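Fold and geometry: a report
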Amino acid sequence: MKPLRCAVIGVGYLGKFHAEKYQLLSNAELVAVCDLMPDIAKGFAEKFHTTPVTNYKELVNKVDAVSIVTPTFTHFEIAKFFIENGIHVLLEKPITSTVAEADILIELAKKHKVLLQVGHLERFNNVVKAVEKDICEPKFIESTRLSTFNPRGTDVNVMLDLMIHDIDLIQCIVKSPIKSIRANGASILTNETDIANARIEFENFCVANVTASRVSMRAERRMRIFQPHNYMTLDLNTKHISIHRKGEAEMFPGIPEILTEERQLEKGDAILDEITAFLDSVHYNKSAAVTGEDGRKALATAIKITELVNTQFHPKTTDEIEEFLA
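Remember, predicted model here, so these are calculated numbers, not experimental data.

1. Side note on the nonpolar core
Among the nonpolar cores identified, the biggest contains 73 residues, and Phe 82 and Ile 305 are the most heavily contacted of them. Top contributing element to this core by residue count: helix α6 (residues 158–174), with 11 residues. Sequence-distant contacts of Phe 82, that is, excluding residues within four places in its chain, are made with Ile 9, Tyr 56, Leu 59, Val 66, Ile 68, Ile 87 and Val 89. If you look at the next biggest cluster of nonpolar residues, it comprises 23 residues, including Leu 30, Ala 65, Leu 115 and Phe 278.

This is the structure:
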């Protein structure tokens, strides 16, 4: 099958990895890297033996598919341009800044018969893939995503920067509409919320407790999933899985036997798997592994959590504090 002509729009921290993966794949030809900064575009073009571009509009009729790895506020305009020109799009998360923008992109992709995949990378984490068959009836999910401070990504709050990864995973796992959300958060190092916690209750009675922080002293990505007769602990960083199941025997009268299974996976390459899935969906006319609708759903939840955090009452004066505590 003829390789797809591909380009990466935005070759910052994450974009350079996209360019690297396209170059590795036999069913893709990296024809250009695009960045507003000419020196950056030229430098990566030389590294990847391709063409530098500073205006993405020059790529019409030259590419079949693009990865858009630019700041969130630019996603809508750039993705809209490529979709309207019949070019398939892998769009980094969050899909857009607003739900209304996401809706427009989804409808345009249908109209122009192009693939729109959203870059929720954790869907391709080999730990998540390894336990898919073990997840059947989640009742309680606890996720913790901690990161050291990095100026990259601070154009959005921690819900749209980090928590949205777990929101997408949880909604994919639970497969039920949300009934209610409670949330709290705080700004620590930026003008946006840097640490937040949300309790999400679903209509099927599953509850998710989600914490995200970008002001931690260490990085951590963990998820615990509790189901009837078993629970599992997933370490998305170290690639370790623990599954604890209720056995048929009893350790002591009234105390069931607990069977534990430990798995240690290889590091894996989620970005390579994500781009491979994107190209395969285009080649074989399949639905995207992470659809525009998936991206919209995660964005809508993250925005709702943002609204709840932003409308928190923060008493400052003595009278306000006494009224708050009354």
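There's more to say after this.
2. Let's talk about the sheet that holds strand β13 (residues 240–252)
Strands pair in a sheet through their backbones, by hydrogen bonds, and they do so in one of two ways: parallel or antiparallel. Here we have eight strands laid out as an open sheet, ordered β8-β9-β10-β7-β11-β12-β13-β14, and mixed in their pairing. The sheet terminates laterally at β8 (178–186) and β14 (255–264), the two strands that pair on one side only. The average undirected angle you get between the axes of adjacent strands in this sheet is 10 degrees. Here seven bridges tie strand β7 (residues 140–146) to strand β10 (residues 207–213), and the two strands are oriented parallel to one another. Among the inter-strand pairings, Thr 144 is bridged to a residue of β10, identified as Thr 211. Strands in contact with α6 are β7, β8, β9 (195–202), β10 and β11 (220–227); relative to β10, the strand with the most contacts, it is inclined by about 155 degrees. Helix α8 (residues 292–310) rests against β8 and β9 of the sheet, and its axis sits at about 55 degrees to β8.

3. Some points on the state of the cysteines
Using the criterion set out here, one finds zero disulfides in the structure. Free of any disulfide, Cys 34 has its nearest neighbouring cysteine sulfur in Cys 6, separated by 15 Å. Given the relative accessible area of 3%, Cys 34 is considered buried. Among the cysteines around Cys 206, which has no disulfide bond, Cys 136 carries the closest sulfur, lying 12 Å off.

4. Re the pattern of salt bridges
Applying the stated rule across the entire model yields 27 salt bridges. As a salt-bridge pair, Lys 21 and Glu 20 come within 2.9 Å of each other at their nearest N and O atoms. Lys 21 sits in the buried class, given a relative accessible area of 8%. Put simply, Asp 103 and Arg 296 hold a salt bridge, and the shortest N to O gap is 2.5 Å.

5. Quick word on helix α7 (residues 270–283)
Here α7 is 14 residues long and its end C-alpha atoms lie 20 Å apart, about the 20 Å a rise of 1.5 Å per residue gives. All of the buried residues in α7 are Ile 271, Glu 274, Ile 275, Ala 277, Phe 278, Leu 279, Ser 281, Val 282 and His 283. Against β1 (4–9), α1 (15–24), β2 (28–34), β4 (65–68), β5 (88–92) and β6 (116–119) lie the buried residues of α7. Just downstream of α7, Asn 285 is the residue with a positive phi angle, here 55 degrees.

6. Some points on the sheet that holds β4
Here six strands make up an open sheet; going across it, the order is β3-β2-β1-β4-β5-β6 and the pairing parallel. Here the strands that pair on one side only, and so sit at the sheet edges, are β3 (51–53) and β6. When the angles between neighbouring strand axes are averaged without regard to direction, this sheet yields 25 degrees. Of the strand pairs in this sheet, β1 and β2 are connected by six bridges, and their pairing is parallel. Note on β2: the bridge partner recorded for Ile 9 is Cys 34. Strands β1, β2, β4 and β5 of the sheet are contacted by α1, whose axis makes an angle of about 165 degrees with β1.

7. A short note on empty space enclosed by the protein
Going through the model one piece at a time under the given rule, you end up with one cavity of 30 Å³ or more. Of the voids in this model, the largest cavity is the one considered here, and its volume is about 30 Å³. Every residue lining the largest cavity is listed: Val 128, Val 131, Ile 135, Leu 169, Ile 173, Met 223 and Leu 234. In terms of residue class, the lining of the largest cavity is built from seven nonpolar, no polar and no charged.

8. Things to note about the packing of aromatic side chains
Two numbers describe a pair of aromatic rings. These are the distance of the centres and the angle of the planes. Within the structure shown, the criterion is met by seven aromatic pairs. Ring geometry for Phe 44 against Phe 48: centres 6.2 Å apart, planes inclined by 10 degrees, an arrangement best described as stacked. Considered together, Phe 44 and Phe 48 belong to a single accessibility category, that of buried residues. Relative to Phe 82, the ring of Tyr 56 has its centre 5.7 Å away and its plane inclined at 45 degrees; by these criteria the two rings are tilted. Of this pair, Tyr 56 sits in the loop between β3 and β4 while Phe 82 sits in helix α3 (residues 72–84); the two residues are 26 residues apart in sequence, bridging distant segments of the chain. Using a relative accessible area of 13% as the deciding quantity, one classes Tyr 56 as buried. Aromatic ring contacts, followed pair by pair, group Tyr 56, Phe 81 and Phe 82 into a single cluster.

Calculation rules
- Per chain, residue numbering runs from 1 following the sequence as it is written.
- Owing to the predicted nature of the model, reporting of local features is limited to residues with pLDDT of at least 70; listing and counting of side-chain atom pairs is limited to 80 or more, with chain, interface and lining totals taken over all residues.
- Heavy atoms throughout the structure, all of them, feed into the side-chain values; hydrogens and water do not.
- Definition used in this section: a nonpolar core is a set of buried Ala, Val, Leu, Ile, Met, Phe, Trp, Tyr and Cys residues joined via side-chain atoms within 4.5 Å.
- Categorising residues by exposure relies on relative accessible area from a 1.4 Å probe, with only protein chains included: less than 20% of the type maximum marks a residue as buried, more than 50% marks it as exposed, and the intermediate range marks it as partly exposed.
- A run of DSSP states H or I qualifies as a helix once it reaches four residues; a run of E qualifies as a strand once it reaches two. Both are numbered from the N-terminal end.
- Here, two residues are considered to be in contact whenever any of their heavy atoms come within 4.5 Å of each other.
- If DSSP finds at least two bridges between two strands, the strands pair.
- To get an axis, a line is fitted to the C-alpha atoms, and for a helix only the part in contact is used. The angle between two axes follows their N-to-C directions and goes from 0 to 180 degrees.
- Cysteine sulfur atoms that pair up within 2.5 Å are treated as a disulfide.
- The rule for a salt bridge is simple: a side-chain nitrogen of Lys or Arg has to be within 4 Å of a carboxyl oxygen of Asp or Glu.
- What a helix should span is 1.5 Å times the count of its residues minus one.
- For each structure, a 1 Å grid was placed over the protein atoms alone; sets of points admitting a 1.4 Å probe that cannot get out are labelled cavities, open sets with protein on both sides within 12 Å along at least five of seven lines are labelled pockets, and lining residues have an atom within 4 Å of a point.
- Grid points are joined across faces, edges and corners, and a volume is the space filled by probe spheres set on the points.
- Throughout, the ten residues Ala, Val, Leu, Ile, Met, Phe, Trp, Tyr, Cys and Pro are labelled nonpolar, Asp, Glu, Lys and Arg are labelled charged, and all others, Gly among them, are labelled polar.
- Note on ring pairs: Phe, Tyr and Trp rings are taken, using the six-membered ring of Trp, and paired if centres are within 6.5 Å. Classes follow the plane angle, with under 30 degrees stacked, over 60 edge-to-face and the rest tilted.

Note that all results are geometric; they support no functional claim without further evidence.
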